[in-house]
There are 2 protein chains.
Amino acid sequence: MSMARARPLVLDPNRRDDPCAHCGARAYSVCSAIDSKDLDRLAALSTQIVVDPGRSFIEEGDAAEHFFNVTSGTAKLFKLLPDGRRQITGFASTGHFLGLAVSTAYSFSAEALEPMRICRFSRPKLKLMLDDFPAMEKRLLEVASNELVAAQEQMLLLGRKTARERLASFLIARADMPSHCLGHQPGHAETVLLPMTRNDIADYLGLTIETVSRTLTKLRSEGLIEIPSASTVVIKRHAALEAIASGSGGH
Amino acid sequence: MSMARARPLVLDPNRRDDPCAHCGARAYSVCSAIDSKDLDRLAALSTQIVVDPGRSFIEEGDAAEHFFNVTSGTAKLFKLLPDGRRQITGFASTGHFLGLAVSTAYSFSAEALEPMRICRFSRPKLKLMLDDFPAMEKRLLEVASNELVAAQEQMLLLGRKTARERLASFLIARADMPSHCLGHQPGHAETVLLPMTRNDIADYLGLTIETVSRTLTKLRSEGLIEIPSASTVVIKRHAALEAIASGSGGH
DNA sequence: CGTTGTGTTGATATTAATCAACAAGTGTGG
DNA sequence: CCACACTTGTTGATTAATATCAACACAACG
């Protein structure tokens, strides 16, 4: 099977038209106004990169010279405190944009969880691109708005939810993610795949690995989920888990 | 003293050219490409609103019919859980944009802390405006990017910082805010004014009012700050407080 | 096979929350 | 002007949730 050329941006892997709850993309394309001819021009402006699991491609504090679009795979995005405490601010998968910030330095680090393909633009070339494709700028504004909403939801989780509610929220959010973000079937997926370690989950939810482990065990013992393997959770009672996630689940 | 007309968007109150750490505005204008003739056209598209302290002008869950720009005053932005737990996701002052989200419903509520003037656009008119002023769209993307960076910083605070570090971060951030956001002198202000209650601070930092009160008392007893009145904090040892805020302050 | 990384479970410690009392300020009406 | 209620903030005693410390199970991998 031959690929004409690696496409610089992620287009329509499976033709669904509802917006992605995670990244807001419609039809999983960067911008409907960008046709395949435009894509060739974009390809000329960008560099395709492959990143192995465990490798970082953005380091907090480094000069922000590039702008990225994730073509496949997943990265964790995080910030560190001097003593090593870490907060994972999000996971970036297919279609996500990284490094948009106005600042001259990256405000977070990014490390691949799975093998990744990334499309990279230098900042000057990003500027060219945005000037050439105003629709692209509109798209980026939509994406940034969606991420802001997600960030505020995460602040609610980190500031006010219990460990139990955090885990329930995390699982529900992963279950409701569409296929292009996660690699499984869309809708309320019953089976949730967790490509990240317990440590990553803990650092994403503002907890310790022990609390994550204990809380998952408790949810399992209550029949809300099953854990066939450490990286797989099956949601048995979606509504009940959702109630816990929203803070109306009792206990 | 006569005002020709209430300007729909905030322009250059005091001519400073460095970007606002909080909202990213340069020269405290919405967009340098918008001149006063354009402003008149924008005024025709917008409605000027006054909001009294304690009044809400955005309710989480309501249909997102409007887009707002804060002309003066400060609002708290927050999300609620069903049992009343609250997370304040930010404070919006002069120059801030609200309600940009792609979603059809507001994802947060907004309530005035001080008397406010707001410039309101209906969504269809926002669309008109953005189509007419592409520079405005660029500006909004910059603003959204900056807010995203601030949101991630807040996630680090909520997920990984101690109560002491949270208060120090909060005070340092307020001290470093430029005058157009706060109404006092720019730079490292020594005196920080807190227009919000202890309850608001607690809900912003993911703590209780008692912990906020105790922690401030402790910082005072250590000589790092003074508290001449409940709504005023004087920073005595900025560098030490900053070290605590960054997580390298010991204790 | 041992080694290493990852995850689970148990015992204990610690931070911040909760419960409670009180102080200080603000506004109201007599 | 003062008594009163009401809001806001502070401080103390106790509790509870989660972190920390520790042991062990298990799988992946050389």
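Report on the accompanying structure. (Residues numbered from 1 in each chain as written. Chains lettered and ligands numbered in written order. Predicted model: local features only at pLDDT ≥ 70, side-chain atom pairs only at ≥ 80, totals over all residues. Heavy atoms only, no water.)

## Focus on the sheet that holds strand 5 (residues 86-92) of chain A
What links the strands of a sheet is backbone hydrogen bonding, and the strands pair in either a parallel or an antiparallel sense. Residues and elements named next belong to chain A. Let me state the cut-off plainly: Whether two strands pair depends on DSSP finding at least two bridges between them. Only runs of H or I of at least four residues qualify as helices and only runs of E of at least two qualify as strands under DSSP, and these elements are numbered from the N terminus. Here an angle of 0 to 180 degrees is reported between the N-to-C directions of two axes, which are lines fitted to C-alpha atoms, with helices fitted over the stretch in contact.
The sheet built from four strands is open, its strands ordered 2-7-4-5 with antiparallel pairing. A single partner strand is all that each edge strand has here, and the edge strands are strand 2 (56-58) and strand 5. For this sheet the average axis-to-axis angle between neighbouring strands, irrespective of direction, equals 30°. Summarising the sheet, strand 2 and strand 7 (residues 109-112) pair through two bridges and their orientation is antiparallel. Paired with Ser-56 across the strands is Glu-111, a residue of strand 7.

## Re the pattern of salt bridges
Our working definition: By definition, a salt bridge exists where a carboxyl oxygen of Asp or Glu is found within 4 Å of a side-chain nitrogen of Lys or Arg. Between buried and exposed lies partly exposed: a residue is buried under 20% and exposed over 50% of the maximum accessible area for its type, with that area taken using a 1.4 Å probe on protein chains only.
Inspection of every chain in the model, using the stated rule, returns 32 salt bridges over all chains. Note that Arg85(A) is salt-bridged to Asp83(A), the shortest N-O span being 3.0 Å. You can call Arg85(A) partly exposed: its relative accessible area is 21%. The class of Asp83(A) is partly exposed, set by a relative accessible area of 49%. Residue Lys79(B) pairs with Glu60(B) through a salt bridge whose shortest N-O separation is 3.7 Å.

## Side note on the protein's contact with DNA strand D
This is how the line gets drawn: Here, proximity means that at least one heavy atom of the residue falls within 4 Å of the molecule or strand. Within 3.5 Å is the distance limit for a polar contact, defined as a pair of N or O atoms, with the added protein rule that one can donate a hydrogen and the other accept it, and that residues adjacent in sequence qualify only through two side-chain atoms. Side-chain classes are defined by residue name, with Ala, Val, Leu, Ile, Met, Phe, Trp, Tyr, Cys and Pro counting as nonpolar, Asp, Glu, Lys and Arg as charged, and the others, Gly among them, as polar.
Thr211(A), Arg214(A), Arg198(B), Arg214(B) and Thr217(B) are the nearest of the 15 residues found near DNA strand D. Atoms of DNA strand D within 4 Å of the protein belong to the sugar or the phosphate in 62% of instances, the rest to bases. Taking Arg198(B), its side chain carries an N or O atom lying 2.9 Å from a phosphate oxygen of DNA strand D. Here the surface near DNA strand D is built from residues that sort into three nonpolar, seven polar and five charged.

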